[in-house]
Amino acid sequence: MRISLLLLIFSLLGFSQAHAYLTASEPSAGTVLVTLPPSISLSMSEEVELKFSLFKIYRLDTEPEDKKALVTAAKSLLEEKIKLKNDEAERADTGILNEEKRSSTITIGLKEGLEPGLYIIIWKVLSVDSHSSEDFTYFFYQPSQP
Ligand SMILES: [Cu+2]
């Protein structure tokens, strides 16, 4: 019993390590920024094929009341927007800044003059092992009042 449980844990770990998942981001999830940087970066557990991966940043008009509502909002953003074409106007990003074909560190440009609020970064990536995965992270932009 104990051995099979251990095997299960190891196989679950093996499964998650075989895909590109977020290991870190700058800013990190939930950070409140007083000023916006020119770009944000995502670190993935393995390299992704940038031509076959999508990264988008959206500002939400209404902020979710709690973490659960935020996850729901992010999931519907992923469903509705990740494959949308010609959506540059409603996005907060200017696209990825990487020039290489594959990378585990993705830099995404931010537009200038963005409104305060909650920003959600969504992605659907194809990792070099040919598996695809999608997820999100988020930050707040809250400039201090003069
Ligand atoms: Cu994989």
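Quick note: structure is the one above.
Residues numbered from 1 in each chain as written. Predicted model: local features only at pLDDT ≥ 70, side-chain atom pairs only at ≥ 80, totals over all residues.

A. Summary view of the sheet that holds strand S7 (residues 117-126). In space, the four strands of this open sheet follow the order S2-S8-S7-S4, with mixed pairing throughout. Edge positions in the sheet fall to strand S2 (32-33) and strand S4 (54-60), since each of these pairs with one other strand and no more. Sheet topology places S7 next to strand S8 (residues 132-141); 10 bridges connect them, and they run antiparallel. Considered in S8, the bridge of Ile-122 is made with Phe-136. Most of the contacts of helix H2 (residues 67-81) go to S7, to which it runs at about 50°, and overall it touches S4, S7 and S8. (Pairing = 2+ DSSP bridges. Helix = DSSP H or I, 4+ residues; strand = E, 2+ residues; numbered from the N terminus. Contact = placed C-beta atoms within 7 Å. Axes fitted to C-alpha atoms, helices over the stretch in contact; angles between N-to-C directions.)

B. Summary view of the pairing of strand S6 (residues 102-110). Alignment of strand S3 (residues 39-49) against S6, held across seven bridges, turns out to be antiparallel. Across the sheet, Ser-41 pairs through a bridge with Thr-107, a residue of S6. Of the strand pairs in this sheet, strand S5 (residues 93-96) and S6 are connected by three bridges, and their pairing is antiparallel. Residue pairing in the sheet places Asp-93 in a bridge with Leu-110 of S6.

Any link to function would need more than the numbers given here.
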